[in-house]
Amino acid sequence: HRPVSHLLKQRFAQVTNPPIDHLREREVMSIRTLLGPRAALLTETPDAARLVELESFLLTPDGLKRLALDPRLPFDVQAVDATFPVAAGPAGLEPALERLGAEALAHVRAGAGVVVVSDTGADDERCRIPVLLAVGAVHQRLVAEGLRTRTSLVAETDEARDTHDLATLLGYGADAVVPRLLLETVAALADEDRIGGDNPSAPVAQERLRAALEDGVRKIMSKMGICVLDSYRSAQIFEALGLAQEVVDRCFTGTTSVLGGLGFADLATVVLEQHAAARALGDGSDDDAALPSPGIIKWRKGGEFHDMSKPVVDALHDALGLGRTASTPPFVLDGAGTELVDGPTAALLRTAAAEGRTDLYRVFSATVRERPAAFPRDLVRVVGTGASVPLAEVEPVAAITARFSTGAMSHGALSKEAHETLAAAMNLIGGRANSGEGGEDPDRFRTRGTALDLDCRIKQVASGRFGVTPAYLANAEILQIKMAQGSKPGEGGQIPAHKVTDEIARLRHTTPGVQLISPPPHHDIYSIEDLAQLIFDLKQVNPDALVDVKLVALSGIGTVAAGVVKALADSIHVSGSDGGTGASPLSSIQHAGMPWELGLAEVQRTLREQRLRGRVRLRVDGGFKTGHDVVLAALLGADEYAFGTAALFAEGCIMARACHRDTCPVGVATQRLDLREKFAGTPDTVAAYLVMVAEEVRELLAAAGLRSLDEAIGRVDLLEPRTDLEGVAARLDVGALLADPGVGERRFVARQAIQDPRSELGDRVAEDALETVFLGGISEFAYAIAPSDRTVGARLGGAVGLEFGEEDPPGLARLRFTGAAGQSFGAFATRGVELVLEGEANDYVGKGLGGARIVVRPPADDAGDPVLIGNTALYGATAGELFVAGRTGERFAVRNSGATAVVEGTGDHACEYMTGGTVVIIGPTGGNIGAGMSGGRCFVLDEDGATLARVNRQLVEAERPEQDELVEVAALLREHATVTGSVRAAALLADWDATVRRLWRIAPETEGERVVRAGTSAGAAN
């Protein structure tokens, strides 16, 4: 059965999430709750010492028993019965919750320091209360009476079975959980030698289960930006999908539930049905009775509904000739068709119609639409204008496919062949492929305009900044800043080590065989102002590109979207929870993220109310398959539409669910050459599918009396709630989807001049230096610079990257600056450029550095030991050099992938997540040096003997440098002294023997240790 917890979706923090490796395990797993009856918050009294500290939030039944019977406890342990009479029927649940709250209240007033909410009383006559409702009702009652801090709540239940169940129980008030049936089941499996592997004993198996569940909860907490369990417990950081307000008010007070849904009677009916089924299985009449498998994780015929089921996949494959029979051979477009005047889309459509594929596509579309109401869009129907129009009057297919894009799937997650096939297909029909966050092979840039165009028009800039070079940015039509993704919000991307081949490592500027993560926060974005700065940066490096910001659908997205528009983005991508990467953990696939319809409706409404909608495009993704999805998205306010999973099926994916294992049997999501050889997809099959979707859109528009998608966008007045729904769907309120603010533009109209901001000094530098860099020679230019001069050097870097890629240009421009530079000085600067600053600079110096040399010297009147540059310098740098004769701020060289730097002191988190390059720090440092490094080296001068205490030894090693490394460091210090005039570097070189004794090399773990740790992490994730 699906517990009530499955109706609650975990929210997440989009900007400030700490990586899970930084969580303090002891604090995360500790529970310190005030248990004295007179204890008060922030008051130091003897009562505050009356504590029980548990090592984990998980208790065994024996552990709970020992706790309850411990004579040393200075307080009582009492239980409340979380069951209700079966004879009372569905009406019995709500009174039972009222009783639970009253009993718990009485126990606490009588001095109970622990209240156990237990469903052990379930039997033939009594049915369990869903444990989350029970805990929530007790917690809310105690909060309302001002007594919650006087006690701890323990949930003893047979219902909790996975990390989401535990997270919701903790999030709604439980201090500890006893997952009784889960522990008993694991012990029974171990006793029967059915667990596999090393066949652990029951105690060992239970301990491993406990560790896995704790790790799972810690992972969820990390997505929320929460480091200790005390901060997560009772925080209620969830959003409800399908719960009535009466349930929310009593058990989950304050939780957002936009659509409403199941009330107490509905929930009681469900658990009573489960109770009856369980009693029938357990009556002893059938010795072979087995629990049914509902197919929650994997589709099973007759089981729980899955939108991408086998019948749906088979129908699409049949239409494209990828199916089970030879009656429809693979779709192949006649090469001559692409030369026709009316373009390739018309040729694709004619070929599909001539071969009967259009009819097979209609079978596929009908199969999809036969599903039960599973998404918010299934709760409405199109009423249209009341009069249809002739199909010939509707805009052509090419105008519709121009609004299509693929989801952001990286080369790395997908094979080279699968990734390039998607790009070629989108270019064939005038759409846009999204590179994903893994960069792109520069060779593909040069295919633009050829018969086989493999260039992705949308290039993503994610937190990992993998493959984000000046050339990559300069070759984009749209630059997408990935703030979040719907399929696994709060987690970022991740590729297991076995998929990081030499090819993938080369494109991402990393080390082969080392797992890669793209953590949730962009380290240059901690506020909307920081996001505005990155948008500004990208518009300098490529003035011709549009900047898109990808957000995840959740309550509150409208406010964020308004800020994004004011930050001068050109489009917003609302990412829904459906579909998504095959590497997503189950806790995210099923329990995080919201449907795109809810996010889109809120964004559309907010932007219209603030008169911002007309200057920005809205794009959506999440489970798009048919023309019906596109039309409904348009009516709800979307201008453009992204296809992810369905596009993969159109090139041969069979949903083997092996994406993360690198064993995809059809070569779509693997880097193994033997499996890639089995890839059978072609650009024609993907293009044909999307063209047939577009033709279906035309038919639906004509039936609705509309001649174009522009006429449809934002027309919620052409939708109405369905009246033929039954069960849960009939109880959902779609009013939030259909609300029309009645003000502002309903769709994109035109960009405004303000959306093309320029750096005046940056443009001037580019104009001055381009001729020398492009044609050869050496020129020198001098400028005064002020804090208002932002992103100086990026425009020149983009131009050089577009022309020369990652090769050296013929000339060299030496750019001298005096003063205080604004943010992003030298960002995306390339080979052929040297920037020398006498003064100081703000944050993000050398962001995305692509080969230039940056030198920062203190001003002539400096008093000594200066802090010369701000935070997050060299973020995502791929090549080049940085020499700073002073200190830097925090997060220096985060995600550095190839640059070399010498600095004279850093703040916290230096060299975090480095994947390549060399950094020498010859001054004081902060904590957490090198956390998460997977490549590169950091040499640190240990001046106070405390360097090792500042290193996260779980993630990196600190060792003495080898002799050849000392030679390299000495050469870098000589270079540093020469270009900056550093007195510190000169002194260190003068007493080199003493310097050597204070040097440490910080680098990733040895290969053996890394493999062991990676294997452990993968096991926990799986």
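Residues numbered from 1 in each chain as written. Predicted model: local features only at pLDDT ≥ 70, side-chain atom pairs only at ≥ 80, totals over all residues. Heavy atoms only, no water.

Caption draft 1: Examining the overall build of the chain more closely. If you tally the helices and strands in the chain, you get 34 helices and 31 strands. Computed over C-alpha atoms, the radius of gyration of the chain comes to 30 Å, within 12% of the 31 Å expected from 2.2 N^0.38 for 1022 residues, which places it in the range of a compact globule. For the C-alpha atoms alone, the extent of the chain along its principal axes is close to 90 × 80 × 55 Å. Counting across all 1022 residues of the chain, residues that qualify as buried make up 59%. For the chain, long-range pairs separated by at least 24 residues make up 68% of all intrachain contacts whose partners lie at least 6 apart in sequence. Total accessible area computed for the chain in this model is approximately 38,200 Å², and 52% of it derives from carbon and sulfur atoms. Of the side chains in the chain, 103 bear a positive and 139 a negative charge, and the two mean positions are spaced by 1 Å. (Helix = DSSP H or I, 4+ residues; strand = E, 2+ residues; numbered from the N terminus. Rg over C-alpha atoms; globule rule 2.2 N^0.38 Å. Buried < 20%, exposed > 50% of the residue type's maximum accessible area, 1.4 Å probe, protein only. Contact = heavy atoms within 4.5 Å. Areas by Shrake-Rupley, 256 points an atom, 1.4 Å probe, with all protein chains shown as cover. Lys, Arg positive; Asp, Glu negative; His and termini not counted. Charge placed at Lys NZ, Arg CZ, Asp CG, Glu CD.)

Caption draft 2: Representation of the sheet that holds strand β13 (residues 458-461) within the structure. Read across the sheet, seven strands follow the order β12-β20-β19-β18-β17-β14-β13 without closing on themselves; strand pairing throughout is parallel. Strands at the two margins of the open sheet, each flanked by one partner only, are β12 (404-406) and β13. The mean angle between the axes of side-by-side strands here comes to 25°, regardless of whether they run parallel or antiparallel. Across five bridges, strand β14 (residues 478-482) lies against strand β17 (residues 546-552) in parallel orientation. For Lys482, the partnering residue across the bridge sits in β17 and is Lys550. (Pairing = 2+ DSSP bridges. Axes fitted to C-alpha atoms, helices over the stretch in contact; angles between N-to-C directions.)

Caption draft 3: A look at helix α23 (residues 627-636). Among the 10 residues that make up α23, nine are buried, leaving the element largely enclosed by the rest of the structure. In this structure Thr626 caps α23, since a side-chain oxygen of it lies 3.2 Å from the backbone nitrogen of His628. Gly637 lies just past α23 and shows a positive phi near 125°. (Polar contact = N/O pair within 3.5 Å; in protein donor to acceptor, adjacent residues only side chain to side chain.)

Caption draft 4: A look at the nonpolar core. Counting 127 residues, the largest nonpolar core has Phe404, Ile481, Ile572, Tyr641, Phe643 and Tyr689 as its most contacted members. In terms of residues, this core owes the most to one element, helix α26 (residues 683-704), which gives 13 residues. If we ignore the near neighbours within four places in the chain, the residues touching Phe404 are Met426, Gly431, Arg432, Val630, Tyr641, Phe643, Leu690, Val693 and Ala694. (Core = buried A, V, L, I, M, F, W, Y, C linked by side-chain atoms within 4.5 Å.)

Caption draft 5: Structural context of the packing of helix α29 (residues 760-775) against helix α30 (residues 794-804). It is at 8 Å that the axes of α29 and α30 come closest, and there the two elements cross at 35°. Between α29 and α30, the contacting residues are Gly762, Asp763, Val765, Ala766, Ala769, Leu770, Val773 and Phe774 on the first element and Arg795, Leu796, Ala799, Val800, Glu803 and Phe804 on the second. Tallied by class, the residues present in the contact of α29 with α30 amount to 10 nonpolar, one polar and three charged. (Nonpolar A, V, L, I, M, F, W, Y, C, P; charged D, E, K, R; others polar.)

Any functional reading would require information beyond the geometric quantities listed.
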